[in-house]
Amino acid sequence: MEEAIVLYPSPQIGHLISMVELGKLMLNHQPSLRIHILNAPPPYGADSMAPYISAVSATIPSITFHQLPKVTLSTSSSRHHLSLVFETLRLNNPDVHNALLFISKNYNIKSFIMDSFNSPAFAIATALNIPAYYFFTSGAGALALFLYTPTIHKNTTKSFKDLDMILDFPGIPPIPSLDVPKPLLEREDEVYKWFLDFCISLPKSAGIIVNTFEVLEPRPLKAMRDGQCVPHGPTAPIHCIGTLIATSDRGGGSTSDSISQGLTWLNSQPSKSVVFLCFGSLGLFSVEQLKKIAVGLERSRQRFLWVVRNPPTENQSMDIKTPSDPDLNSLLPEGFLERTKQGGLVVKSWAPQVEVLNHDSVGGFVTHCGWNSILEAVCAGVTMVAWPLYAEQRLNRVLIVEEMKIALPMVESENGFVNSAEVEKRVRELMEFEERRSIRQQTVTIKHAAKAALSKGGSSDVALNRLIESWEA
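A short tour of the structure in this document, coming up.

Thresholds, definitions, all that
Residues numbered from 1 in each chain as written. Predicted model: local features only at pLDDT ≥ 70, side-chain atom pairs only at ≥ 80, totals over all residues. Heavy atoms only, no water. Disulfide = S-S within 2.5 Å. Buried < 20%, exposed > 50% of the residue type's maximum accessible area, 1.4 Å probe, protein only. Pairing = 2+ DSSP bridges. Helix = DSSP H or I, 4+ residues; strand = E, 2+ residues; numbered from the N terminus. Axes fitted to C-alpha atoms, helices over the stretch in contact; angles between N-to-C directions. Contact = heavy atoms within 4.5 Å. Polar contact = N/O pair within 3.5 Å; in protein donor to acceptor, adjacent residues only side chain to side chain.

So, on to the state of the cysteines. All chains considered together, the criterion is met by zero disulfides. With no disulfide of its own, C379 lies 14 Å from the sulfur of C240, the closest cysteine sulfur. In this structure C379 comes out as partly exposed when scored by relative accessible area, which is 25%.

Rendered as structure tokens:
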């Protein structure tokens with residue numbers, strides 16, 4: 001009977017892509033494996049995953065997709081998309097159980113790998129005696145925080161948002177209580193309870209696969225392996241297999257002409273002279289904030305490539321579909337595009353981020369601190385300005401600024417707004433070589449370490465080989 005690995009991403013295209021990349025990496029190490037991916041339909045408005053799934057199926061026959069049935073959510077379900085995701089995954093459990101039984105008729109399932117949202121399925125795999133692993137797509141610092149969260153939960157009755165204090169988590173710098181991942185801020189919120197269940201089940205798993213590498217985050221990795229993050233029980237083995245970056249970017253609303261224009265423009269710019277501003281698929285700004293960014297960029301007198309998306313709408317939490325292209329003339333200050341056309345370019349909605357970051361003209365990156373974006377900048381050797389917007393990104397800012405020392409912080413007001421003077425200041429600091437010398441040197445060092453980790457005999461290569469070998473024992 002052939003050996004198989006079952007992967008179970010949450011119903012979001014970005015999570016599906018990450019799981020496919022993990023499957024491809026495993027196949028590179030062990031081509032005889034068969035990868036089965038359980039695909040749950042999203043509970044909210046989203047672009048179809050079918051074209052992506054069809055493309056993977058056509059090119060990688062060792063990967064098989066299993067479409068789970070759509071579930072009916074209870075009328076009392078919250079309209080926040082994270083609550084809907086968790087509720088969908090809970091209701092999918094009977095279908096996950098049936099899918100695992102179906103696959104096991106023809107394959108020996110060696111492991112069941114879930115992403116961070118899929119803890120409701122942990123009990124299903126355990127009941128079927130299938131080793132259950134988590135694929136943690138953020139870094140080791142965030143993992144250390146999640147593992148230690150149940151301990152803090154037991155020691156206080158307050159929400160993180162009400163603690164108003166600096167918190168000490170093992171292996172990472174002290175962080176303000178408001179900088180914990182947003183789903184953890186409100187103790188009575190439904191999403192908090194889902195995440196607490198996830199935090200509790202993490203150390204009970206057969207192992208945690210993390211998209212990082214040893215040199216990038218040695219302190220949190222040591223703290224977890226020494227048992228500091230789960231003080232009253234064992235911690236699951238941790239396998240650092242990163243950096244795992246999608247081999248091609250996924251488009252999102254911008255035309256091919258616009259994308260080509262951006263890359264052609266970069267070709268005409270001096271080496272390391274351009275700052276790239278891009279804030280992820282959910283990183284949206286108000287019109288007022290967009291105007292402040294524009295003013296700061298213009299005053300900085302630095303060359304820039306800026307991806308601008310439409311401002312958020314009232315139902316943004318429910319609509320994850322590709323947005324329409326923005327009307328730049330109505331969103332940006334009057335005359336801005338004309339005044340900056342010699343040294344700047346604004347691209348609508350989307351740009352091929354990996355390709356841009358690896359372009360010789362790009363010397364800095366203003367980022368929302370999504371972990372994938374951080375890793376892409378690390379592998380390209382590009383220094384960053386950290387401007388977190390949602391999820392665990394405020395924590396990531398602390399990690400890349402204070403722990404890894406590969407970024408400068410963007411400092412916002414209490415309401416999250418960033419004024420034009422701060423944008424101007426940070427962009428100047430990032431792009432003027434003397435100001436960024438130390439973080440530039442550190443970024444180059446980490447870039448080389450990332451490449452070494454993935455090379456034959458490197459730490460990530462060895463970790464994945466050992467993990468696969470453990471399934472064959």
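Following the structure, the description resumes.
If you walk across this open sheet you meet the seven strands as 4-2-1-5-6-9-10, and the pairing is parallel. Two strands in the sheet have a free side with no partner beyond their single neighbour: strand 4 (63-67) and strand 10 (238-240). With direction set aside, neighbouring strand axes in the sheet form an average angle of 25°. Sheet analysis places strand 6 (residues 132-136) next to strand 9 (residues 207-210), joined by four bridges and oriented parallel. Paired with F136 across the strands is V210, a residue of strand 9. The sheet strands contacting helix 1 (residues 13-29) are strand 1 (2-8), strand 2 (34-39), strand 4, strand 5 (107-115), strand 6 and strand 9, and the helix crosses strand 5 at an angle near 140°.

Considering the arrangement of structural elements, one finds S373 in helix 15 (residues 371-380). With 139 residues separating them along the chain, S373 and P234 place their C-alpha atoms 32 Å apart. With residues near it in sequence (within four places) discarded, S373 still touches Q353, F365, T367 and H368. A distance of 2.9 Å separates polar atoms of two side chains, one belonging to S373 and the other to Q353.

Moving on, we come to the sheet that holds strand 17 (residues 407-409). Pairing is parallel in the open sheet, where six strands are placed in the order 14-12-11-15-16-17. The outermost strands of the open sheet, each flanked by one partner alone, are strand 14 (344-348) and strand 17. Within the sheet, the average angular offset between the axes of one strand and its neighbour, ignoring direction, is 20°. Bridging between strand 11 (residues 274-278) and strand 12 (residues 303-308) involves four bridges; their strand directions are parallel. Looking at the pairing, F276 lines up with L305 of strand 12. Here helix 11 (residues 287-300) sits on the sheet and contacts strand 11 and strand 12; the angle it forms with strand 12, its principal contact strand, is near 170°.

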